[in-house]
Amino acid sequence: MGKGLKIVTIGGGSSYTPELIEGYIKRKDEMPIDEIVLVDIEAGQEKLNIVGEMAKRMVKAAGLDWKVTLTLDRFNALKDADFVTTQFRVGLLDARVKDERIPLSHGILGQETNGAGGMLKAFRTIPIIGQIIEDMKVQCPDAWLINFTNPAGMVTEAAIKQFGWKRTIGLCNVPITHCMDIAGQLDVDQDDLFYQFAGINHFHWHKVWDRQGKELTAKVIDLLYKKSDDGPESALKNIHDANYHIEQIQDLAMLPCGYHRYYYSEDEMLQHSIEEFQAGATRAQVVKKTEQQLFELYKDPALDYKPEELTQRGGTYYSDAACEVIASIYNDKRTVMVVSTQNNGTIQDLPYDAIVEVSAQITSHGAVPFNWGEFMPAARGMIQLMKGMEETVIRAAVEGNYGAALHAFTINPLVPGGQMAKRVLDELLYAHKAHLPQFADKIAEIEANQPDVVAYVDELMKSN
């Protein structure tokens, strides 16, 4: 890599971009940045212009001479990039609204990374990652791809295994939030604890130790899950505080990911989501309003710092984590982080080449994961099912394989099987036809032979 770094962000018009810029500024002494390129598509141009101008103000206020470039030309933007970060949403937030509302109209969880909605998001997103990688092969063959586009685990697995970009690391803010929460519960500095995470994105467990080598996992379980009759308060702003059965948590002697609520407490989580749907306030609809408010703030020509309101968006800390991964690779810092990377035997219960979300050192040659070993049978069974579902989703997305898509819906524990799985899949495929060219033939068949599906989706989305 040359003296001055070029960092390209795909999805540069995202509301998260100010956090990304703030993270670079915090690390200005570690990273000799020359140019930051924010890339978006035509439909996102207005947001790109707003947030891009704010990024320029932030850089100027920090007294830095970095060049901030805004463009819709992805191919040329990637020329000679050292790092490429991805934070895009195919179909924008309107697509997420469909992902949530269509399944919920049948009493089935939508959610953007779990359940039916998460699978459709993967179908839309994975082909685009493939296109980005094709451009990178020509324009920046030595660049690192830092992905925090959801569903992050599946997108990262597709980048590495299907599209061959080994220099890929996936990120998620959930482990960061859990680490901060645990330190707060124990009233200690986060640096005084050691955490080990193992699993897959949005489906991992973790343990914690102090500096004297004493494991504190059981103590933290008691603090978090015996706190009150109402159960723990989720550290994740975008997840309802459903109760766990503490006996299950104690049985595995591991702390669960916040997203485990969708599986351990499926009935309560589903009921809460249905109530949101009936009130016209699904998470996607709430986020749309939050984003509108954020971009109104970003328009202020005097705003040259990340506003506190961004933390209400959900997903905060993603961007700062991406900056730390870049700094650690560039400087061989060997920072310990939780990332999605190739298993390489770290988790014995999953394929060697599977992409897992684990604690790892971030070095100049990438992520070096800490060995975990085996899970207990209950956790092993759940994670193997989820990984099989992920691999099937990826195959469906890459091949446009309807049979694989239907299998993925059947495997996913948050989607009822049988005719209901097929009905919801068909409705979602039709609803997202503009962004699913690989399924064009099947969607045309649905339009020709299933007028009830077409009419149902069209009517439902009138109240979007």
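Just so it is clear, the model here is predicted, and its values are computed rather than measured.

K.L.:
What should I look at first to understand the UniProt feature "site: Increases basicity of active site Tyr" (unreviewed entry) in the protein in this one?
P.N.:
Using the residue numbers shown here, the UniProt feature "site: Increases basicity of active site Tyr" (unreviewed entry) corresponds to Glu-112. Take Glu-112: it is sitting in the loop between α4 (92-104) and α5 (115-139). What makes Glu-112 buried here is its relative accessible area of 8%. When sequence neighbours within four positions are dropped, the list of residues in contact with Glu-112 reads Arg-89, Arg-96, Glu-100, Gly-117, Gly-118, Lys-121 and Asn-150.

K.L.:
Help me out: how do you make sense of the side chain of Arg-57 in this one?
P.N.:
For Arg-57, the location among the structural elements is in helix α2 (residues 45-61). Comment: no salt bridge for buried Arg-57; closest opposite-charge side chain is Glu-53, at 5.7 Å. Dropping the residues within four chain positions of it, Arg-57 is found in contact with Tyr-298, Asp-300, Pro-301, Leu-303 and Asp-304.

K.L.:
Got a minute to help me understand unusual backbone geometry in this structure?
P.N.:
Negative phi characterises most residues that are not glycine, and trans characterises most peptide bonds. The omega angle of the peptide bond from Asn-150 to Pro-151 is -10°, so this bond is cis rather than trans. Checked against the element boundaries, Pro-151 lands in the loop between β5 (144-147) and α6 (152-162). Residue Arg-334 is not a glycine yet carries a positive backbone phi of 60°. Structurally, Arg-334 can be placed in the loop between α13 (318-331) and β10 (335-342).

K.L.:
Would you mind showing me how to read the pairing of strand β4 (residues 83-86) here?
P.N.:
Here β4 shows a buried face lined by Phe-83 and Thr-85 and a second buried face lined by Val-84 and Thr-86. Here 4 bridges tie strand β1 (residues 5-10) to β4, and the two strands are oriented parallel to one another. What sits directly across from Ile-7, in β4, is Phe-83. Inspection of the sheet shows β4 paired to β5 by 4 bridges, in the parallel sense. Bridge pairing in β5 links Phe-83 to Trp-144.

K.L.:
Before we go on, may I ask you to explain helix α15 (residues 402-411) in this structure?
P.N.:
Note: α-helices contain 3.6 residues per turn, so residues at a spacing of three or four share the same orientation. Residues of α15 that are buried include every one of Tyr-402, Ala-404, Ala-405, Ala-408 and Phe-409, and no others. Axial view of α15: buried residues confined to an arc of 160°, hence all on one face. Where α15 is buried, its residues contact α5, α14 (377-399), α16 (418-431) and α17 (440-449). Measuring from the side-chain oxygen of the N-cap residue of α15 to the backbone nitrogen of Gly-403 gives 3.0 Å; that N-cap residue is Asn-401.

K.L.:
Looking at this model, I keep getting lost on the layout of surface pockets. Mind explaining?
P.N.:
Rolled over the atoms, a probe with the dimensions of a water molecule shows which regions are left empty. Taken as a whole, the second largest pocket spans an internal volume of roughly 580 Å³. Lining the second largest pocket are 22 residues, with Cys-179, Gln-190, Tyr-195, Val-336 and Met-337 positioned closest to its centre. Elements represented by at least two residues in the lining of the second largest pocket include exactly α7 (174-186), β7 (193-200), α13 and β10. In terms of residue class, the lining of the second largest pocket is made up of 14 nonpolar, 3 polar and 5 charged.

K.L.:
Would you mind going over the pattern of salt bridges with me for this structure?
P.N.:
Any two side chains of opposite charge can pair, given that their charged atoms come close. Across all of its chains, the model carries 27 salt bridges by this definition. Across the pair Glu-445 and Lys-442 runs a salt bridge whose closest N-O atoms are separated by 3.0 Å. In this pair, Glu-445 and Lys-442 both sit in helix α17, 3 residues apart, roughly one turn of the helix. Looking at Glu-445, the relative accessible area reads 39%, which means it is partly exposed. Residues joined by salt bridges that share partners form a network here, namely Glu-157, Lys-161, Asp-353, Lys-387, Glu-390 and Glu-391.

Cut-off values and rules
- Note on numbering: residues in each chain are counted from 1, in written sequence order.
- Note on the predicted model: pLDDT of at least 70 is required for a residue's local features to be given, and 80 or more for side-chain atom pairs to be given and counted; whole-chain, interface and lining totals, by contrast, use all residues.
- Where side-chain values are given, they derive from all heavy atoms of the structure, hydrogens and water being excluded.
- UniProt positions are given in the numbering used here, feature names are shortened, and annotations may be inferred rather than shown by experiment.
- In DSSP terms, a helix is any run of H or I states spanning at least four residues, a strand is any run of E spanning at least two, and both are numbered starting from the N terminus.
- Buried, partly exposed and exposed residues are distinguished by accessible area as a fraction of the type maximum, computed with a 1.4 Å probe on protein chains only: under 20%, between the cut-offs, and over 50%, respectively.
- Contacts were defined at the residue level, with two residues in contact if any of their heavy atoms lie within 4.5 Å.
- In this tally, Asp and Glu contribute negative charge and Lys and Arg positive charge; neither His nor the terminal groups of the chain are included.
- The rule for a salt bridge is simple: a side-chain nitrogen of Lys or Arg has to be within 4 Å of a carboxyl oxygen of Asp or Glu.
- Here, any two strands with at least 2 DSSP bridges between them count as paired.
- This arc is taken over the directions from the axis of the helix to the C-beta atoms.
- What qualifies as a polar contact is a pair of N or O atoms within 3.5 Å, subject to a donor-acceptor requirement within protein and to the restriction that residues adjacent in sequence count only when both atoms come from side chains.
- Grid spacing is 1 Å over the protein atoms alone, the probe is 1.4 Å, and a cavity is where that probe fits but cannot get out, while a pocket is an open set with protein on both sides within 12 Å along at least five of seven lines and lining residues have an atom within 4 Å of a point.
- Grid points are joined across faces, edges and corners, and a volume is the space filled by probe spheres set on the points.
- Note on residue classes: Ala, Val, Leu, Ile, Met, Phe, Trp, Tyr, Cys and Pro are nonpolar, Asp, Glu, Lys and Arg are charged, and everything else, Gly too, is polar.

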